[in-house]
There are 2 protein chains.
Amino acid sequence: MSQENIKGILKTHQLRITDCRMDVMQFFLDEKSALSQSDLENQLTKYDRVTLYRTLNSFLDSGILHRIPNETGTATYGMCHDTCTPDHHEHNHVHFKCNKCGQIECLEEKVAHQVSVPFGYKVDGINMIVDGICPKCA
Amino acid sequence: MSQENIKGILKTHQLRITDCRMDVMQFFLDEKSALSQSDLENQLTKYDRVTLYRTLNSFLDSGILHRIPNETGTATYGMCHDTCTPDHHEHNHVHFKCNKCGQIECLEEKVAHQVSVPFGYKVDGINMIVDGICPKCA
DNA sequence: TTAATAAATGCAATTTAGTTGCATAAACTA
DNA sequence: TAGTTTATGCAACTAAATTGCATTTATTAA
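Residues numbered from 1 in each chain as written. Chains lettered and ligands numbered in written order. Predicted model: local features only at pLDDT ≥ 70, side-chain atom pairs only at ≥ 80, totals over all residues. Heavy atoms only, no water.

Q: Quick one: what's the story with the overall build of chain A, residue by residue and with numbers?
A: Helix and strand counts for chain A stand at four helices and six strands. Going from N to C terminus, chain A has its helices and strands arranged as α-α-β-α-α-β-β-β-β-β. Counting only C-alpha atoms, chain A reaches 50 × 35 × 25 Å along its principal axes. Expressed as a percentage of the 138 residues in chain A, the buried residues total 46%. (Helix = DSSP H or I, 4+ residues; strand = E, 2+ residues; numbered from the N terminus. Buried < 20%, exposed > 50% of the residue type's maximum accessible area, 1.4 Å probe, protein only.)

What follows is the structure in structure tokens.
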């Protein structure tokens, strides 16, 4: 994706265009997998640690990124598609976690299943995490 | 579940029987939902904070507890059933997260679906997190 | 029952993850 | 171009988790 497109995304979400934000978004687009703050910190060394946290939170608040559930106890983020808004994240895709390299990807596959829950439980959404081996590790 | 049963579980998993471990396991059995270290710390005030972390990690390592994926960035744990071993957790049940009270429960419902992934991806397991409103909050 | 052994615990300290405050710099608009 | 607001860097802080060490405790063999 070009720099102009990235600028467009920032504009669309009412965010100022800064070098840090451009680089963070570019990194997410290049990696195509879930990233944590420490991933950013290791890669984008010219930016302050706190700034990277703030950038992640800005993107989260504005609907550019979503948090991806994981078991590790630290937060991971993935790129949203066009369906998210600042106050309501709408995600219906499958997350794939590779058991070998640990990377988590947002797949294009939708969660199209209905799930049965016991009586009394109301279902609002489903989040599916598939684990296995990715093509790179197979 | 009786104290004797709890002792049996500890023995089965080659863990020593201590007051702390008995109380931690009893709490998980009473609550029937995902718990974090801070939940334990607030409730089981006679034990040292570090001991509670260690107890959770002992139970995790030995297959008594499993980590439950969530988005918050802190670790939550749930009781395993008999299918887990120390080196391999095997979970095929649905997690239900209430959007109102925040509790996460392991439901009895199995993830019985097959999911399609792109070519090249090998599926080992599926973890499904359903969010909605639980019977207590409905 | 006792002694030895290894694991569990408590306390202090440290590391890791995340947030807040403030001054300054930078983006944006009129 | 000037004013305004937002983003950034630095320092400090809080929250979550881990490590080190000495002591205590559970367990087992004799």
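Q: Quick one: what's the story with the protein's contact with DNA strand C, residue by residue and with numbers?
A: Surrounding DNA strand C, one finds 20 residues, the nearest of these being Y53(A), R54(A), R21(B), T51(B) and R54(B). The sugar and phosphate moieties of DNA strand C supply 52% of its atoms located within 4 Å of the protein. In the environment of DNA strand C, a base nitrogen lies 2.9 Å from a nitrogen or oxygen atom belonging to the side chain of R16(A). For DNA strand C, a phosphate oxygen lies 2.9 Å from a polar atom in the side chain of T18(B). (Near = heavy atom within 4 Å. Polar contact = N/O pair within 3.5 Å; in protein donor to acceptor, adjacent residues only side chain to side chain.)

Q: Please give an account of the relation of the copies chain A and chain B that cites residues and values.
A: Between the two copies of the chain lies a relationship made up of a rotation around an axis and a movement along it. When chain A is fitted to chain B, the best match, at an RMSD of 0.3 Å, comes from turning it 178 degrees and sliding it 0.1 Å along the axis. This pairing of chains is accounted for by a two-fold axis. With an isologous cut-off of 70% or more, the 100% of interface residues of chain A that recur at the interface of chain B puts this contact in the isologous class. (Least-squares fit on C-alpha atoms with pLDDT ≥ 70 in both. Contact = heavy atoms within 4.5 Å.)

Q: Kindly report on unusual backbone geometry, identifying the contributing residues and their values.
A: One non-glycine residue, Q14(A), adopts positive backbone phi at about 60 degrees. Structurally, Q14(A) is set in the loop between α1 (3-12) and α2 (19-31). Overall, the relative accessible area of 71% leaves Q14(A) in the exposed class. You will see that K32(B), though not glycine, has its phi angle at about 55 degrees, which is positive. Mapped onto the elements of the fold, K32(B) is located in the loop between α2 (19-31) and β1 (35-36).

Q: Go over the protein's contact with DNA strand D, please, and point to the residues and values.
A: What surrounds DNA strand D is a group of 20 residues, the closest being R16(A), T18(A), R21(A), T51(A) and R54(B). Considering DNA strand D, the proportion of its atoms within 4 Å of the protein that are sugar or phosphate atoms stands at 54%. Contact between DNA strand D and R16(A): a base oxygen at 2.7 Å from a side-chain N or O atom of the residue. In the environment of DNA strand D, a base oxygen lies 2.9 Å from a nitrogen or oxygen atom belonging to the side chain of R54(A).

Q: Before we move on, can you summarise the nonpolar core with the specific residues and values?
A: By size, the foremost hydrophobic cluster in this structure holds 28 residues, and its most contacted members are F96(A), M128(A), F96(B) and M128(B). For this core, the secondary-structure elements that each account for two or more residues are β4 (93-98) and β6 (122-133) of chain A together with β4 (93-98) and β6 (122-133) of chain B. (Core = buried A, V, L, I, M, F, W, Y, C linked by side-chain atoms within 4.5 Å.)

Q: Lay out the environment of K97(B) with the relevant residues and their values.
A: All names here are of chain B. Note on placement: K97 falls in strand β4. A relative accessible area of 27% means that K97 is categorised as partly exposed. A sequence separation of 35 residues divides K97 from G132, and the C-alpha atoms of the two residues are 6.4 Å apart. Here K97 is in contact with E71, G102, Q103, I104, V130, D131 and G132, once residues within four sequence places are set aside.

Q: An account of the pairing of β4(B) is needed here, citing residue identities and associated values.
A: All names here are of chain B. In terms of burial, β4 is a largely internal element, five of the six residues being buried. Direction of pairing for β4 relative to strand β5 (residues 104-110): antiparallel, over a ladder of four bridges. Bridge assignment links H95 to a residue of β5, and that residue is C106. In this antiparallel pair of consecutive strands, β4 and β5, the connection spans five residues, and G102 shows a positive phi of 85 degrees. Relative to β6, β4 runs parallel, the two being bridged by five bridges. In the strand pairing of β6, C98 is matched with G132. (Pairing = 2+ DSSP bridges.)

Q: Can you break down the sheet that holds β1(B) residue by residue, with the values?
A: Residue and element names in this part refer to chain B. Within the open sheet, the three strands sit side by side as β1-β3-β2. Their pairing is antiparallel. Only two strands of the sheet have a single partner each, and these edge strands are β1 and β2 (65-68). With two bridges joining them, β1 and strand β3 (residues 76-79) adopt antiparallel strand pairing. Paired with L35 across the two strands is Y77, which belongs to β3. Those strands touched by α2 are β1, β2 and β3, and its axis lies near 80 degrees from that of β3. Sitting on the sheet, helix α4 (residues 49-62) touches β2 and β3, and the angle it makes with β2 is about 100 degrees. (Axes fitted to C-alpha atoms, helices over the stretch in contact; angles between N-to-C directions.)

Q: Got a sec to walk through the packing of α2(A) against helix α4 (residues 49-62) of chain A? Specific residues and values, please.
A: Axes are the key here: two packed helices are described by the angle between their axes and the distance separating the axes. Residue and element names in this part refer to chain A. Contact pair α2 / α4: the axes reach a minimum separation of 10 Å and the direction vectors enclose 70 degrees. The orientation of α2 with respect to α4, classified from their angle, is roughly perpendicular. Taking contact as the criterion, the partners of C20, R21, V24, M25 and F28 in α2 are, on α4, T51, L52, T55, L56, S58 and F59. Taken together, the residues of the contact of α2 with α4 break down into seven nonpolar, three polar and one charged. (Parallel < 35°, antiparallel > 145°, perpendicular 65-115°, else oblique. Nonpolar A, V, L, I, M, F, W, Y, C, P; charged D, E, K, R; others polar.)

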